[in-house]
Amino acid sequence: MKLTIDRVVGIVAVILIAISPLYASDYFVTTTLTTTLYSGIIAASLIFLSAYGGMVSLAQVALAGIAGFAYGNMVATGGSKGMNLGYSPWVGIVGGLVIATAVGLLFGAVASRSIGIYFLMITLVYSVIVYYFFGQVTQLSGFGGVQVHRLPGVMGDAADHPFRLFYVTFGAAIFVYVLIRFILRTPFGLALQGVRDEPVRMASLGYTVPLHRTLAFGFAAFVASIGGLLNAWSDGIIAPSSIDLNRTIDILVIAVLGGLLRIEGAWVGAFAFVLINNYIQDYLGSYGDRIRTVVGLIFLLIVLVAPAGLMGLWERFTQAIRRREGGSSGPSVDRAAEQGT
């Protein structure tokens, strides 16, 4: 395996994150990094669909929320809204992942024959439906939400073990990244990229284009549901406000900030977004309530300077280094295709 500058930086970043409790504040680790990791997982599901399936989905936050609501209803034992079934947290994990993935397959089956703006609008409708469903069906949640206090035993008490959730989230992020890269190298992943580029030709070769898109949507729902569970555990509650339009747009901004052509962009964009949201707001003083205006301006600046996001800027930087070292100076390759081969 050739040791490229991308791999070196990636390995260093993973090591720095892994040992962050040794040098960073508790707040930075348990809030900034943990939020970055689970938000990146949800954004990775969006980038997977966009970069390798040619589908930009606004339903990923809703699917993540479905997993969280399913978990909350299954494990709660009373004193909270919802069904309070009192099941084991491990049953809740499996149930949340299965239910969210099943709903994702259903959503994908309906939307798979649409493309472009029509697909985008259908997934936006999904997001709105899920938001109002859990807000108005008080047997499952209501707008007050469901408390999520019972966690798997490995998590322990957050007060006694503040970093366990961080390490579980960190492990989940690595698992998601490796899983996506593996899927992209399977026959299904390669066929999906063919469907992205030449759907008519792929159909003429005997591939069922809607089926591939549906399965891709189901897989992305599974990935998003992992982030949804971690989000619910971190917040201690799952409510319709956790999956409203603002949160949906946040994940879209994260994906675009990081770069829609590379999976790594999900976590790069999430880290940038969380830093802006958590720290710049402190410097705005009385204008702190205008943080979304600041985020929007930064987002606009990055899109204008680098349409491929922060990973696009990184690409320019590494290409400049290669040219300076006498490497190839030809046109850049399609990063989405390169990552899948």
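Quantities reported herein were computed from a predicted structural model and do not represent experimental measurements.

Undergrad: Before we move on, could you go through the overall build of the protein and cite the residues and values that matter?
TA: Within the protein, the regular secondary structure consists of 15 helices and 2 strands. In terms of overall dimensions, the protein is globule-like: its C-alpha atoms have a radius of gyration of 20 Å, near the 20 Å expected for 341 residues. The principal-axis extent of the C-alpha atoms belonging to the protein is close to 65 × 55 × 40 Å. Residues classed as buried in the protein amount to 49% of the 341 residues present. As displayed, the protein offers around 16100 Å² of accessible surface, 67% of which is attributable to carbon and sulfur atoms. Placing the 20 positive and 16 negative side-chain charges of the protein at their respective mean positions leaves the two points 7 Å apart.

Undergrad: Tell me about the layout of surface pockets, residues and numbers included.
TA: If you add up the space inside the second largest pocket, you get close to 350 Å³. Lining of the second largest pocket is provided by 15 residues; of these, Thr35, Tyr38, Arg247, Asn277 and Asn278 occupy positions nearest its centre. Broken down by secondary-structure element, the contributors of at least two residues to the lining of the second largest pocket are α3 (26-53), α10 (209-235), α11 (245-258) and α12 (265-283). Looking at the lining of the second largest pocket residue by residue, the classes come out as 3 nonpolar, 7 polar and 5 charged.

Undergrad: For the packing of aromatic side chains, give the residues involved together with the corresponding values.
TA: Scanning all chains against the criterion turns up 14 aromatic pairs. When the centroid spacing of 5.1 Å and the interplanar angle of 70 degrees are considered together, the rings of phenylalanine 48 and phenylalanine 219 count as edge-to-face. You can see phenylalanine 48 sitting in helix α3 and its partner phenylalanine 219 sitting in helix α10, a full 171 residues away along the chain. Each member of the pair, phenylalanine 48 together with phenylalanine 219, is buried. Seen in terms of ring centroids, tyrosine 71 and tryptophan 233 are 5.7 Å apart; in terms of plane orientation they differ by 65 degrees. Their pairing is edge-to-face. Placement of the pair is tyrosine 71 in helix α4 (residues 60-75) and tryptophan 233 in helix α10, with a sequence separation of 162 residues. Residue class for tyrosine 71 comes out buried when judged on its relative accessible area of 1%. A connected cluster of aromatic rings, assembled from ring pairs, spans Phe48, Tyr52 and Phe219.

Undergrad: Requested: an account of empty space enclosed by the protein, with residues and values cited.
TA: According to the stated counting rule, one finds 1 cavity of 30 Å³ or more in the structure shown. The volume enclosed by the largest cavity comes to roughly 60 Å³. If you trace the largest cavity, you find it lined by Ile42, Val61, Ala64, Gly65, Gly228, Asn231, Ile238, Ser242, Ile243 and Arg247. Going through the elements one at a time, α4 and α10 are the ones with two or more residues in the lining of the largest cavity. If you tally residues by element for the lining of the largest cavity, the top one is α4, at 3 residues. Taken together, the residues of the lining of the largest cavity sort by class into 5 nonpolar, 4 polar and 1 charged.

Undergrad: I'd like to hear about α11, residue by residue, with values.
TA: Between its first and last C-alpha, α11 extends 20 Å over 14 residues, near the 20 Å set by a 1.5 Å rise per residue. The buried fraction of α11 amounts to 10 of the 14 residues, a majority that puts the element mostly inside the structure. Those residues of α11 lying buried are Arg247, Thr248, Asp250, Ile251, Val253, Ile254, Ala255, Val256, Leu257 and Gly258. Following α11 by one or two positions, glycine 259 has its phi on the positive side, about 125 degrees.

Undergrad: Account for helix α5 (residues 89-111), with residues named and values stated.
TA: End to end, α5 covers 32 Å across 23 residues, agreeing with the expected 33 Å (1.5 Å per residue, within 8%). When we look at burial in α5, the residues that qualify are Pro89, Gly92, Ile93, Gly95, Gly96, Leu97, Ala100, Thr101, Gly104, Phe107, Gly108 and Ala111.

Undergrad: How would you sum up a nonpolar patch on the surface? Please name residues and give values.
TA: On the surface, Leu3, Val8, Ile11, Val12, Ile15, Leu16, Ile19, Leu22 and Tyr23 cluster together into a nonpolar patch covering about 870 Å² of accessible area. Mapped onto the nonpolar patch, the elements with two or more residues apiece are α1 (5-18) and α2 (20-23). Examining the composition of the nonpolar patch, we find that 5 residues originate from one element, α1, more than from any other. Inspection of the secondary structure assignment puts valine 8 in helix α1.

Undergrad: Can you explain the pattern of salt bridges? Please cite residues and give values.
TA: Opposite charge on two side chains allows them to pair when their charged atoms are near. Tallying each qualifying case throughout the model produces 5 salt bridges. Arginine 262 is the partner of glutamate 264 in a salt bridge, and the nearest nitrogen-oxygen pair spans 3.6 Å. The exposure class of glutamate 264 is buried, given its relative accessible area of 19%. Residues joined by salt bridges that share partners form a network here, namely Asp6, Arg181, Arg262, Glu264 and Glu315.

Undergrad: I'd like to hear about the environment of tyrosine 167, residue by residue, with values.
TA: Looking at the secondary structure, you find tyrosine 167 in helix α7 (residues 164-184). The spacing of tyrosine 167 and leucine 37 is 130 residues in sequence and 10 Å in space, taken between C-alpha atoms. Each residue touching tyrosine 167, except ones within four places of it in the same chain, is listed here: Ala18 and Pro21.

Conventions adopted
The residue numbers shown here count from 1 along each chain, following its written sequence. Since the coordinates come from a predicted model, pLDDT governs what is reported: local features require at least 70, and pairs of side-chain atoms require 80 or more to be given and counted, while whole-chain, interface and lining totals use all residues. Side-chain measures here rest on the full set of heavy atoms in the structure, leaving out hydrogens and waters. For the purposes of this entry, the term helix denotes a DSSP run of H or I that reaches at least four residues, the term strand denotes a run of E that reaches at least two, and both are numbered from the N terminus. C-alpha atoms define the radius of gyration in this analysis, and the globule rule sets the expected value at 2.2 Å times the number of residues to the power 0.38. Relative accessibility thresholds used throughout: buried, under 20% of the residue-type maximum; exposed, over 50%; partly exposed, between the two (1.4 Å probe, protein chains only). Working definition of accessibility: Shrake-Rupley area with a 1.4 Å probe, residue cover restricted to the visible protein chains. Under the counting rule used here, the positive set is Lys and Arg, the negative set is Asp and Glu, and His together with the chain ends is not counted. For charged residues, the charge sits on one atom: NZ in Lys, CZ in Arg, CG in Asp, CD in Glu. Residues are called lining when one of their atoms sits within 4 Å of a cavity or pocket point, these points coming from a 1 Å grid over the protein atoms alone, where a cavity is a set in which a 1.4 Å probe fits but cannot get out and a pocket is an open set with protein on both sides within 12 Å along at least five of seven lines. Grid points are joined across faces, edges and corners, and a volume is the space filled by probe spheres set on the points. Side-chain classes are defined by residue name, with Ala, Val, Leu, Ile, Met, Phe, Trp, Tyr, Cys and Pro counting as nonpolar, Asp, Glu, Lys and Arg as charged, and the others, Gly among them, as polar. Two rings from Phe, Tyr or Trp (for Trp, the six-membered ring) form a pair when their centres sit within 6.5 Å of each other. Planes less than 30 degrees apart are called stacked, planes more than 60 degrees apart edge-to-face, and all others tilted. Expected span of a helix: the number of residues minus one, times 1.5 Å. Candidates for patches are residues over 30% relative accessible area with no salt bridge; among them, like charges are joined within 9 Å and nonpolar side chains (Val, Leu, Ile, Met, Phe, Trp, Tyr) within 5 Å. For this analysis, a salt bridge means a side-chain nitrogen from Lys or Arg found within 4 Å of a carboxyl oxygen belonging to Asp or Glu. The contact definition used throughout considers only heavy atoms, calling two residues in contact when any of these lie within 4.5 Å.

So, to be careful, I would describe these as geometric facts and stop short of saying anything about function.
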